[in-house]
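What the coordinates show
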Amino acid sequence: MSDPLQHTIGRVLPAPENHLDAERLEQARKARRSFMGKALAMGAGAVAAGHASRALASEGEGDPAILKMPEHTRGLGRPVAENPYGQPSKWEANLQRRQSPGLTRVPQASVSFTPLQGLFGMITPSGLHFERHHQGWWDIDPSQHRLMVHGLVKRSRVFTMDDLMRLPSVSRIHFIECGANSAPEWGNVALPTVQYTHGMVSCSEFTGVRLSTLLEMCGVDKKLGKFVLAEGADGSSMTRTIDMERAMEDCIVAWAMNGEMLRPENGYPLRLVVPGIQGVSWVKYLRRLEVGDQKWASKDEAVHYIDLMPDGTHRQYTGIQECKSVITTPSGGQMLLDKGYYNVSGLAWSGRGSIKRVDVSVDGGRNWRTARLEGPVLDKALTRFNIDWVWDGQPAILQSRAIDSTGYVQPKINQLRAVRGTRSIYHQNAIQSWKVAENGEVSNVQVY
Ligand SMILES: Nc1nc2c(c(=O)[nH]1)N[C@H]1C(S)=C(S)[C@@H](COP(=O)(O)O)O[C@H]1N2
Ligand SMILES: [Mo]
């Protein structure tokens, strides 16, 4: 493929739930039909020659919409501060977090998924950050909130938010992924969109005090203290054990996300950030840190968040989110409106470090090409990749395969199943396949 921009520019129709209404969807379908008609009439080579920018320009040639002078080119716009806290455009109203119907019995112990199919770059807007609550969320009064540090320390302490926010702070961009992200794929349940298959991952800039700073301040016993227990202030009594080495390395006791205080759904006013580790360890509404000499084997680590292996045993304390990637455009539920050029785009991440390379296949894994990584490529953060593709109108299967800085290669689903069986819930990081049908519809398939 010489210069992909010399081909017709393909347009992707987002999944229906991102559409404002059924009418726009129908219009787009009609547009596709008329394009197919035109393309046939013009013959295949009609836009193949010439400079790339000309090919681009010819796309909209003769569109009379440019001649309209709508009200907004003549009238007076709206005043400043009408929205004291800015909101997205009303035209984007369908870009939302969504619940998977029937996934849980009550919405207080549930999940809302990030609409990855509608996002750009690597940062998740705070209002679209996925939510996972075991016992509902709270909007806790920060003046009443306290954090206790105790156990194997010389000086136990109870911190107010003011105490904490006076300390030296750091800001770091990291992904958070629920260990159960993509879980239904273990059992070959083909969820329709990337929002549901992969939407329990988000990426934000977190600001707070390093956990190591707090532990040092309290005189942590470095000989006996091997683990730290983190506990949340909600009714789920979320408690998780963190290895001391990790606690001292890059964990943050965070109060801010993407430049402002945490959102209540994400743990306001204080949450633990454990880079690279599954979401459950990122305890929200953080109220207690205890230093101990043994793992606690709390309900959230002995009964839940364990991996059922093929031989019937359970794997415990498997918190690291292994290297994973997914194509977000085009993805399940979307529709390619015509043949031609597409920018295939997706996200890759690894709990062990940074993304070294992402390969993309359009033929179900037989041939691979290396995608462009869009910077910055950060440790334990989402990394955006893009690759050119000219769709010839034939059925295709799109896949992405990420390789991280340790050399680990994201596995195929059958490779993962060979080791882990099919009865697991957590830590499903296999290659995702999206099938493009001849009519342009994109759907979720498994390729072995
Ligand atoms: N206190 C508390 N912390 C919690 C939870 C919870 O229910 N209560 N859920 C955990 C789980 S399972 C995940 S995946 C992440 C989700 O964080 P988010 O809601 O900010 O996306 O928070 C974790 N921390
Ligand atoms: Mo989770």
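Residues numbered from 1 in each chain as written. Chains lettered and ligands numbered in written order. Predicted model: local features only at pLDDT ≥ 70, side-chain atom pairs only at ≥ 80, totals over all residues. Heavy atoms only, no water.

In the nomenclature of an unreviewed UniProt entry, the protein corresponds to Sulfite oxidase molybdopterin subunit from the organism Hydrogenophaga intermedia. Taken from UniProt, the Cofactor (unreviewed entry) comment for the protein reads in full: "Mo-molybdopterin". (UniProt positions renumbered as here; feature names shortened; annotations may be inferred.)

Around ligand 1, 22 residues are found, and the nearest of them are F130, H134, D234, R271 and K284. Within the contact set of ligand 1, a nitrogen atom lies 2.7 Å away from a side-chain nitrogen or oxygen of D234. In this structure, an oxygen atom belonging to ligand 1 sits 2.5 Å away from a side-chain N or O atom of K284. Here ligand 1, which alone exposes 530 Å², has 100% of that area covered by the protein. Looking at the shell around ligand 1 element by element, the count peaks at 3 residues for strand β3 (residues 131-133). For the shell around ligand 1, a count of residues per class yields 9 nonpolar, 7 polar and 6 charged. (Near = heavy atom within 4 Å. Polar contact = N/O pair within 3.5 Å; in protein donor to acceptor, adjacent residues only side chain to side chain. Areas by Shrake-Rupley, 256 points an atom, 1.4 Å probe, with all protein chains shown as cover. Helix = DSSP H or I, 4+ residues; strand = E, 2+ residues; numbered from the N terminus. Nonpolar A, V, L, I, M, F, W, Y, C, P; charged D, E, K, R; others polar.)

With that settled, consider the environment of W255. Turning to its location among the elements, W255 is positioned in strand β10 (residues 252-257). Note on W255: relative accessible area 7%, which makes it buried. Sequence separation between W255 and V209 is 46 residues, and the spatial gap between their C-alpha atoms is 8.6 Å. Residues in contact with W255, not counting those within four places in the same chain, are M161, L164, M165, S169, T207, G208, V209, E260, M261, L262, P269 and L270. (Buried < 20%, exposed > 50% of the residue type's maximum accessible area, 1.4 Å probe, protein only. Contact = heavy atoms within 4.5 Å.)

It is worth spelling out a negative patch on the surface at this point. Taken together, the side chains of D243, E245, E249 and D379 make up a negatively charged region of the molecular surface. Residue placement: E245 occurs in helix α6 (residues 244-249). Classification of E245 by relative accessible area gives exposed; the value is 70%. (Patch = residues over 30% accessible without salt bridge, like charges linked within 9 Å, V, L, I, M, F, W, Y side chains within 5 Å. Salt bridge = Lys/Arg side-chain N within 4 Å of Asp/Glu carboxyl O. Lys, Arg positive; Asp, Glu negative; His and termini not counted. Charge placed at Lys NZ, Arg CZ, Asp CG, Glu CD.)

The subject of this paragraph is the packing of aromatic side chains. A complete count under the given rule lists 5 aromatic pairs for this structure. Ring plane angle 75° and centroid distance 5.5 Å describe the contact between F113 and Y196, whose orientation is recorded as edge-to-face. Of this pair, F113 sits in the loop between β2 (110-112) and β3 while Y196 sits in helix α4 (residues 194-198); the two residues are 83 residues apart in sequence, bridging distant segments of the chain. Exposure class is identical for F113 and Y196. Each is buried. Between the aromatic rings of Y342 and W389, the centroid separation amounts to 6.1 Å while the plane-to-plane angle is 40°, which identifies the pairing as tilted. Note that Y342 is positioned in strand β18 (residues 340-349) and W389 in strand β22 (residues 383-391), a separation of 47 residues in sequence. Residues Y342 and W389 agree in their burial class; the two are buried. The cationic tip of K295 hangs over the ring face of Y317; the distance from NZ or CZ to the ring centre is 4.3 Å. (Phe/Tyr/Trp six-rings, centres within 6.5 Å; stacked < 30°, edge-to-face > 60°. Lys NZ or Arg CZ within 6 Å of the ring centre and 35° of its normal.)

Turning to the nonpolar core, a few remarks are in order. Most often, soluble globular proteins keep nonpolar side chains buried together rather than apart. Formed by 53 residues in total, the largest nonpolar core has its most connected members in L147, L164, L214, L215, V253, L286 and L289. Here this core takes 6 residues from β10, the largest share from any one element. Apart from the residues lying within four places of it in its own chain, the contact partners of L286 are H145, R146, L147, A230, E231, G232, V253, L270, R271 and L272. The next biggest cluster of nonpolar side chains, apart from the first, holds 31 residues, and it includes A371, W389, W391 and V436. (Core = buried A, V, L, I, M, F, W, Y, C linked by side-chain atoms within 4.5 Å.)

Attention now moves to the pattern of salt bridges. Following the criterion strictly, the structure yields 18 salt bridges and no others. Across the pair K222 and E216 runs a salt bridge whose closest N-O atoms are separated by 3.3 Å. The exposure class of E216 is partly exposed, given its relative accessible area of 41%. R315 is the partner of D307 in a salt bridge, and the nearest nitrogen-oxygen pair spans 3.0 Å. Judged by its relative accessible area of 0%, D307 falls in the buried class. Residue R315 is classed as partly exposed on the basis of its relative accessible area, which comes to 30%. When salt bridges with common partners are traced through the structure, they connect E231, R287, R288 and E290 into a single cluster.

Attention now moves to the sheet that holds strand β21 (residues 372-374). Spatially, 4 strands are ordered β16-β18-β22-β21 in an open sheet, and the strand pairing comes out antiparallel. In this open sheet, the two strands that pair with only one neighbour each are β16 (324-329) and β21. Strand-to-strand twist in this sheet, taken as the mean axis angle between neighbours without regard to direction, amounts to 35°. For β16 and β18, the ladder comprises 5 bridges, and the chain directions are antiparallel. Note on β18: the bridge partner recorded for I327 is G346. (Pairing = 2+ DSSP bridges. Axes fitted to C-alpha atoms, helices over the stretch in contact; angles between N-to-C directions.)

You can see Q446 is positioned in the segment after β25 (442-445). For Q446, a relative accessible area of 17% puts it in the buried group. A distance of 2.8 Å separates a polar side-chain atom of Q446 from the backbone oxygen of E185. In terms of polar contacts, Q446 uses its side chain to reach the side chain of R417, at 3.0 Å. The contact partners of Q446, leaving out residues within four places of it in the chain, are E185, N188, I413 and R417.

Turning our eyes to something else, we now look at the side chain of Q432. Counting through the fold element by element, Q432 comes out in the loop between α8 (413-420) and β24 (433-436). At 2.8 Å, the side chain of Q432 and the side chain of N444 are in polar contact. Every residue in contact with Q432, bar those within four places of it in the chain, is listed here: E185, T197, H198, V326, L398, Q399, S400, N444 and V445.

Our focus in this paragraph is α8. Here α8 has its buried residues at I413, L416, R417 and R420. Mapping the buried residues of α8 onto a view down its axis gives an arc of 100°, with all of them on the same face. Exposed residues on α8 whose side chains face more than 90 degrees from its buried face are A418 and V419. Turning to α8, the residues buried within the fold contact β14 (307-308) and β15 (314-315). Positive phi appears at G421, one or two residues downstream of α8, with a value of about 75°. (Arc of directions from axis to C-beta.)

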